[in-house]
Amino acid sequence: MIENVLLKWCIDLFMFFLLYLIVTMNLNFMYGYTGIPHFGISLSVAGGGYVVGALSGRILRWVYNVYPELDFMYENSKITNEINANLANDPLVGIGVFLLIIVISLILNAGLGYIVSRPAIRLSGSYLIIVLIGMAEAMRIIGMNYYPLVGGTFWIHVPDVFNWMGELRTEGFLIICTLFTLGIFLILQAMSTSPLGRVVRAVRENPMSAECVGKDVVGIRTKVVVMCSALTSIAGVLYGFYIHAVLSTAYTRSTWTFYPWLMFMVGGIGNNMGAVLGTFVFVTLRRLIIFYKHNIEIYVPFQVQWLEQIMTGTMLLLIILFRPQGLLPEKPTKMRGLDYDKLHDELENKGVKVPEKKAEKGNIFQRLLSRRSKG
Amino acid sequence: MFPPLIKDAIVYANCVTMMSIGFTLVYLISRIPNFAQSTFAVVGVYCTFSMVRILEFNPYIAMPLGILCGAFLALVVYLGIVNPLTKYGAGPILLTISLLALQQIFLAGVNIYADYVRNVLNIYSRGFMLRVNDFRVGEFPGVLLISTVTIIIVIVGMHFLLTRTQFGIAMRATVENPPLASVLGINIKRVATISWVITGGLAGLAGTFLPLWFSSGPGSGGMLATSVFASSVVGGLTSIYGAILGGYLISLLEVWGSYLLMKTFGLWIGAYRLLIPLTLMSIVLMYEPGGLAVIIEKVRTKLWGTKRVREDEPI
């Protein structure tokens, strides 16, 4: 019995780890590599969630023609139950709708990313921060007030597209999420070691000099925001399918903007492994707090969630004050196809002072993707 | 005979302008958007709440208390976080994140207070409105008169401070060029500390007026925040006068615009009121990022031909 609870808790923990990891890695690519302070990242997560909430039920209802006479929003649970019964032995439709929703969410959120970044993408950090925070707030307000989207301040049920997996549904979905997260990790890791990765670092370090050598700084920034908004929305989609519901009130600034920022500040900026580590540390901590919340609740005359917020806020401040580079600091990227050992020797022969050679350390993916010529 | 819409607009505009003056001041001195500012206002809101509901005094006794609380919090923020981080060489992004963290901590503190009042003292502490505790002069509610008088005093005081006093000139010099100002013997840290204290005091003061006219709670800071950002950006983030103009322009357009839209399209559109300042801000940023300050300067150059140089320009 206790093992069962523990297993469920571990699955839940891992699920949230994956969801937050998608957001954190994208944030890391935007801020850590390109220098775009995206403080409205909850907007993209909410965008993904809204797509799931608004479209998945409606598409499946149209496919199975369930209760065409009922109002979709008001009889939501009845319709969703009927759809779930249909989905239980229809894996093809389930997977098809899941993939379709992901594609729609990618396209819509890419467009959304373009729209929200448009006003201030060419301006300095502070303006961009103000605009993005405002836009995320606007997104939340639209979700809370536009009832047909995701049910306003109530919620909307999401059909269980993996119902055909039966007992193994949670585990199966976990594997699918792992695959998606791994895919996004590989895409971002490949991009950070590619020529684009070097360009975005140049844009981050000195936009003016990047412009001087003929790089379209605004274009690169826009591209990065658009791409990362699209990829982040996958976290929102998976979250919606995981909890079988979309709540507009769940996409607040503190849960989906502040916590991801905290996570990658903990892990280390400009470093995907840092994002992984920071997310893992923080999500574990947070799930533990949620698990033991009720034990504290009886002793204090207020809700424990405020205590949690004070704790996380203080944690972030302490990290900023005492270890601003995070747990894993950024390493210089290596160019593909360039022989660093040879370069090192050549520079040393010319009498240039170079740091000492270090043994190859990078993680397995870096080694896989950098394809260095040996010997 | 005085339409309630105008009362709404004026009270709201006074509060927003008071806060956007502070927002711009801090941006000028420390070059960071002060996201913790909206929580100073929430503290002001709860000062009035405590005065009226718990101690059962006149709500206006909360004014000095709100100023003190806001100023104290701002002092803590500046001396505790912003100044040490700037000393370590942290950029504006790191400072912004730390301010967001502080905002979260303060807001959680206010929420704990609200929960405590609710659970221990059994007083309803969220979504309250204290209009009944306000006095009236004829058909004017007290908050309309007092907030208007206060904002006039604040504007005149700021103008006097910036142009007629030694400190104001030191402040302007610090804004123009901090290293040069410190070479000339200006204590930059003192200037920045006092600017932060003024900001905190103004935000706390704005907060004390809010519950006397609007339904308030821990979320009312967030309600104001977007309008404050928008008015500061529209004002240009480079001058206090721009912030005053931007504050009135944005908040009056917000209140009246949403009223007009509600009249045309129906009541449902009122929920999206926040989109008005956001849209205006986006338009200004896309076409003239310098905001009203630059637009006015351009118009002046066009009319008088040359850029007017004031004789009392500090440096």
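Fair warning: this is a prediction, and the values are worked out from it, not measured in the lab.

## A look at the overall build of chain A
- Helix and strand counts for chain A stand at 15 helices and two strands.
- For 375 residues, the compact-globule estimate of 2.2 N^0.38 gives 21 Å, and the C-alpha radius of gyration of chain A, at 23 Å, lies within 12% of that figure.
- Over its C-alpha atoms, taken along the principal directions, chain A stretches across nearly 80 × 50 × 45 Å.
- Across the 375 residues that make up chain A, the buried fraction comes to 41%.
- In chain A, the share of contacts with a sequence separation of at least 24, taken over all contacts with a separation of at least 6, comes to 79%.

## Re the overall build of chain B
- Across its full length, chain B holds 12 helices and two strands.
- Computed over the C-alpha atoms, the radius of gyration of chain B is 20 Å, within 12% of the 20 Å expected from 2.2 N^0.38 for a compact globule of 315 residues.
- Taken along its principal axes, the extent of the C-alpha atoms in chain B is 55 × 45 × 35 Å.

## A closer look at unusual backbone geometry
- One non-glycine residue with positive phi stands out, namely His244(A), at about 60°.
- Among the secondary structure elements, His244(A) is positioned in the loop between α10 (217–243) and β2 (245–247).
- Under the C-beta neighbour-count criterion, His244(A) is labelled partly exposed, with 15 such atoms within 10 Å.
- In this model, Arg31(B) sits at a positive phi of 60°, which is unusual for a non-glycine residue.
- On the secondary structure map, Arg31(B) appears in the loop between α1 (4–30) and α2 (37–54).
- Taking the number of C-beta atoms within 10 Å as the measure of exposure, Arg31(B) has 17 and is therefore partly exposed.

## A short note on the packing of α1(B) against helix α9 (residues 220–235) of chain B
Residues and elements named next belong to chain B.
- Between α1 and α9, the least distance of the axes is 9 Å, while the angle of their chain directions is 60°. Between α1 and α9, the angle falls in the class oblique. α9 is crossed by α1, and the crossing has right-handed handedness. Mapping the contact onto sequence places Cys15, Val16, Met19, Ser20, Phe23, Thr24 and Tyr27 in α1 and Leu224, Ser227, Val228, Ser231, Ser232 and Gly235 in α9.
- In terms of residue class, the contact of α1 with α9 is made up of seven nonpolar, six polar and no charged.

## Quick word on helix α6 (residues 166–176) of chain B
- Listed as buried for α6(B) are Ala170(B), Met171(B), Thr174(B) and Val175(B). When α6(B) is viewed along its axis, its buried side chains cluster within an angular range of 140° and face the same direction.

## Examining the domain arrangement of chain A
- Under the domain assignment, chain A is made up of domain 1 (2–252) and domain 2 (340–370).
- Between domain 1 of chain A and domain 2 of chain A, the C-alpha centre-to-centre distance is 38 Å.

## Here we look at the packing of α1(B) against helix α5 (residues 142–164) of chain B
Residue and element names in this part refer to chain B.
- For the pair α1 and α5, interaxial distance at closest approach is 10 Å and the crossing angle is 30°. Judged by the inter-axis angle, α1 sits roughly parallel to α5. Between α1 and α5 lies a crossing whose hand is left-handed. Residue-level contacts link Lys7, Ile10, Val11, Asn14, Cys15, Thr17, Met18 and Ile21 of α1 to Val143, Leu144, Ser147, Thr148, Ile151, Val154 and Met158 of α5.
- Taken together, the residues that form the contact of α1 with α5 break down as 10 nonpolar, four polar and one charged.

## Section: the interface of chain B and chain A
- Counting residues at the interface gives 37 residues for chain B, matched by 34 residues for chain A.
- Among the elements that take part in the side of chain B that touches chain A, helix α4 (residues 92–119) of chain B stands out by supplying 17 residues, more than any other.

## Quick word on the nonpolar core
- In terms of nonpolar packing, the biggest core is built from 189 residues, with Met265(A), Cys15(B), Met19(B) and Val233(B) touching the most fellow members.
- Contact partners of Met265(A), with chain neighbours within four places excluded, come to Leu316(A), Ile319(A), Ile320(A), Gly326(A) and Ile97(B).

## Some thoughts on the confidence of the model for chain B
- Overall, the predicted model of chain B reaches an average pLDDT of 87, with 97% of residues at or above 70.
- No element of chain B has a lower mean pLDDT than strand β1 (residues 136–137) of chain B, at 82, and none a higher one than helix α8 (residues 188–213) of chain B, at 92.

## Section: the environment of Val197(B)
Residues and elements named next belong to chain B.
- With respect to the helices and strands, Val197 occurs in helix α8.
- What makes Val197 partly exposed here is the crowd of 18 C-beta atoms within 10 Å.
- When the C-alpha positions of Val197 and Ile97 are compared, they lie 21 Å apart, and in sequence the two are 100 residues distant.
- For Val197, the contacting residues outside a window of four places in its chain are Ala71, Ala74 and Leu75.

## Overview of the confidence of the model for chain A
- Within chain A, residue pLDDT values average 84, and 92% of them lie at 70 or more.
- Note on residues 371–375 of chain A: pLDDT is under 50 here. Beyond four places in sequence and across chains, it has four contacts.

## Concerning the environment of Glu297(B)
- Within the secondary structure, Glu297(B) is located in helix α12 (residues 291–304).
- Separated by 185 residues in the primary sequence, Glu297(B) and Ile112(B) have C-alpha atoms spaced 47 Å apart.

## So, helix α3 (residues 76–87) of chain A
All names here are of chain A.
- Under the 1.5 Å per step criterion, the end-to-end length of α3 is 16 Å for 12 residues, consistent within 8% with the ideal 16 Å.
- Buried residues of α3: Ile79, Thr80, Ile83 and Leu87, and no others. Take α3 and look down its axis: the buried residues cluster within an arc of 95°, on one side only. Exposed and oriented more than 90 degrees from the buried face of α3 are Ser77 and Ala85.
- Considering only its buried residues, α3 is in contact with α2 (42–64), α4 (91–117) and β1 (155–157).

Conventions and cut-offs
Numbering of residues starts from 1 in every chain and runs along the sequence as written. The naming scheme follows written order: chains are lettered A onward, ligands numbered 1 onward. Two thresholds apply to this predicted model, a pLDDT of at least 70 for residue-level local features and 80 or more for giving and counting side-chain atom pairs, whereas whole-chain, interface and lining totals are computed over all residues. Here a strand is any run of E in DSSP of at least two residues, a helix any run of H or I of at least four, and the numbering for each starts at the N terminus. As a reference, a globule follows 2.2 Å times the number of residues to the power 0.38, and the radius of gyration itself is taken over C-alpha atoms. Counting other C-beta atoms within 10 Å of each residue's C-beta, where C-beta atoms are placed from the backbone, gives the exposure class: buried for 20 or more, exposed for 12 or fewer, partly exposed between. C-beta atoms are placed from the backbone for every residue, and two residues are taken to be in contact when these atoms lie within 7 Å. To get an axis, fit a line to the C-alpha atoms, keeping to the stretch in contact for a helix; angles then go from 0 to 180 degrees between the N-to-C directions. By the definition adopted for this analysis, an angle is roughly parallel if under 35 degrees, roughly antiparallel if over 145, roughly perpendicular if from 65 to 115, and oblique otherwise. By definition, any crossing whose near helix is turned counterclockwise from its far helix by less than a right angle is left-handed, and any crossing with a clockwise turn is right-handed. When residues are sorted by character, Ala, Val, Leu, Ile, Met, Phe, Trp, Tyr, Cys and Pro go into the nonpolar class, Asp, Glu, Lys and Arg into the charged class, and all the rest, Gly among them, into the polar class. It is the directions from the helix axis to the C-beta atoms whose arc is reported. Domain start and stop positions are those given by an automatic or database domain assignment. Linking buried Ala, Val, Leu, Ile, Met, Phe, Trp, Tyr and Cys residues through C-beta atoms within 7 Å yields a set, and such a set is a nonpolar core. Confidence of the prediction at every residue is given by pLDDT, a number between 0 and 100. Take the number of residues in a helix, subtract one, and multiply by 1.5 Å to get its expected span.

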